[in-house]
Amino acid sequence: MHKSLRITAIAAACAVAGGVVYGAGAATAGQSTANSTHEPYNIGLLVKDIDTYYGTTADANGVYQASPDSPYAKDLARMDAAAERRIDQAARKAHHRGEKPAVVFDIDDTLLLSLDYEKRYNYTYNSTTWADYVNKADRPGVFGSAELVRYAASKGVEVFYNSGLSEAQRTAAVENLKKIGADVNLDTAHMFLKDKANPPSYLSACATPGTWTCTTVQYKSGTRKHIEDDLGYDIVANFGDQYSDLDGGYADRTYKLPNPTYFVS
């Protein structure tokens, strides 16, 4: 995961008091950085708002956790309920037509929560500390995420993963997803990770062996195109915490999960 802008200093991105709701497919005022001559939002206050939104507390081991009673959890619950209705309807329609429905999930902060990393490193990114954190494979699940994965599978919908994690992080990602109960289709045919050394041919427009120029949107939309055009699935729902997880088409509906801690272009 390359985090190009760690703290997006826009009050609307996480203003709990302002009542921002991250709903299914909904855009927010915080999807781009501000361009203003006015004084930006104070970082100290922004961090306080983020903690309030997540209900952040440190557990007995000093690990920062989100609260299941937080505004964050409530936003997720509303989105999950809408997504389940969509999956159920789309699955019944697709099976009636003889089509193959699928759902696609991002991993970081869509299925696995990295709040502890954000807090511990003061919302900054370092590739070494991030790799160490991922390889511990002990991140908690995003509330409702594993249940949504299992729900889709129970409806006969094929589950795919489309992540910015690297191929070298595959083992840790699989282990961590199993721990949170998202043990569905965790094989190489369903989990797509970045392989910059040997990128797949369907990304040839922006990636060749040893040369990677794909943007996040190119990589993720190109992978979804492969799932639809080459593998023959209809992606009925695409889930991600970044707009770059969702942009570029090849999904009937998109679901933007809340994430006020960083922005990936």
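Keep in mind the model is a prediction, meaning the values are calculated, not measured.

Reading the values: the criteria
- Residues numbered from 1 in each chain as written.
- Predicted model: local features only at pLDDT ≥ 70, side-chain atom pairs only at ≥ 80, totals over all residues.
- Heavy atoms only, no water.
- Helix = DSSP H or I, 4+ residues; strand = E, 2+ residues; numbered from the N terminus.
- Buried < 20%, exposed > 50% of the residue type's maximum accessible area, 1.4 Å probe, protein only.
- Contact = heavy atoms within 4.5 Å.
- Areas by Shrake-Rupley, 256 points an atom, 1.4 Å probe, with all protein chains shown as cover.
- Axes fitted to C-alpha atoms, helices over the stretch in contact; angles between N-to-C directions.
- Parallel < 35°, antiparallel > 145°, perpendicular 65-115°, else oblique.
- Nonpolar A, V, L, I, M, F, W, Y, C, P; charged D, E, K, R; others polar.
- Arc of directions from axis to C-beta.
- Pairing = 2+ DSSP bridges.
- Salt bridge = Lys/Arg side-chain N within 4 Å of Asp/Glu carboxyl O.

*Asks:* Please clarify how the overall build of the chain should be interpreted in this entry.
*Replies:* Per the secondary structure count, the chain includes 9 helices and 9 strands. Looking at the 265 residues of the chain, the share that counts as buried comes to 49%. Look at the contacts in the chain between residues 6 or more apart in sequence, and 69% of them connect residues 24 or more apart. Looking at the chain as shown, the accessible area adds up to about 11,900 Å², and 49% of this sits on carbon and sulfur atoms.

*Asks:* Quick question: what am I supposed to make of the packing of helix H3 (residues 71–97) against helix H6 (residues 145–154) here?
*Replies:* Between two packed helices, the angle of one axis relative to the other and the distance separating the axes together describe the packing. One way to put it is that H3 packs onto H6 with a least axis distance of 10 Å and a crossing angle of 10 degrees. Considered as vectors, H3 and H6 are oriented roughly parallel to each other. Facing Asp80, Ala83, Glu84, Ile87 and Asp88 of H3, the residues of H6 in contact are Leu148, Tyr151 and Ala152. In terms of residue class, the contact of H3 with H6 is built from 5 nonpolar, no polar and 3 charged.

*Asks:* Would you explain helix H5 (residues 127–136) in this entry?
*Replies:* Because the α-helix completes a turn every 3.6 residues, residues three or four places apart line up on one side. Considered for burial, the residues of H5 that qualify are Thr129, Trp130, Tyr133 and Val134. For H5, the arc enclosing every buried residue in end-on projection is 135 degrees, short of the 170-degree limit, so these residues lie on one face. Packing partners of the buried residues in H5 comprise helix H4 (115–120), strand E4 (158–166) and helix H7 (170–179).

*Asks:* Whenever I open this one, the packing of helix H2 (residues 43–54) against H3 confuses me. Can you help?
*Replies:* Interaxial distance between H2 and H3 falls to 5 Å at its minimum, and their mutual angle equals 55 degrees. By the angle between their directions, the pair H2 and H3 is classed as oblique. Where H2 approaches H3, its residues Thr52, Tyr53 and Tyr54 are matched on the opposing element by Pro71, Tyr72 and Asp75. Partitioning the contact of H2 with H3 into residue classes produces 4 nonpolar, 1 polar and 1 charged.

*Asks:* Before we go on, may I ask you to explain the pairing of strand E8 (residues 234–240) in this structure?
*Replies:* Side-chain positions along a regular strand alternate between the two faces of the sheet. Most of E8 sits out of view: 6 of its 7 residues are buried. As defined by bridge partners, strand E3 (residues 101–105) adjoins E8 across 5 bridges and the pair is classed as parallel. Residue pairing in the sheet places Ala102 in a bridge with Ile235 of E8. Looking at chain direction, E8 and strand E9 (residues 254–256) are connected through 3 bridges and run parallel. When the sheet's bridge partners are listed, Asn238 is paired in E9 with Thr254.

*Asks:* I'm lost on the sheet that holds strand E5 (residues 191–194) in this one. Help?
*Replies:* Pairing in this open sheet of 5 strands is parallel, and the strands run E5-E4-E3-E8-E9 from one edge to the other. The two strands at the open ends of the sheet, each matched to only one other strand, are E5 and E9. Put simply, the sheet's adjacent strands are angled 15 degrees from each other on average, direction ignored. Contacts from helix H8 (residues 216–230) reach E3, E4, E5 and E8 within the one sheet, and its direction differs from that of E4 by about 155 degrees.

*Asks:* For this particular structure, what's the right way to read the side chain of Gln169?
*Replies:* Mapped onto the fold, Gln169 is located in the loop between E4 and H7. The buried category is assigned to Gln169, whose relative accessible area is 9%. When neighbours within four sequence positions are excluded, Gln169 is seen to be in contact with Trp130, Ala131, Val134 and Asn135.

*Asks:* How should the pattern of salt bridges be read in this particular structure?
*Replies:* Per the counting criterion, the structure on display carries 12 salt bridges. Between Asp108 and Arg139 there is a salt bridge; the shortest N-O distance is 2.9 Å. Of this pair, Asp108 sits in the loop between E3 and H4 while Arg139 sits in the loop between H5 and H6; the two residues are 31 residues apart in sequence, bridging distant segments of the chain. Pair check on accessibility: Asp108 and Arg139 agree, each one buried. Ionic pairing is found between Arg170 and Glu167, a salt bridge with its closest N-O pair at 2.7 Å. For Arg170, a relative accessible area of 12% translates into the label buried. On the accessibility criterion, Glu167 (31% relative accessible area) is partly exposed. One network of salt bridges, with partners in common, ties together Asp88, Arg92 and Lys155.

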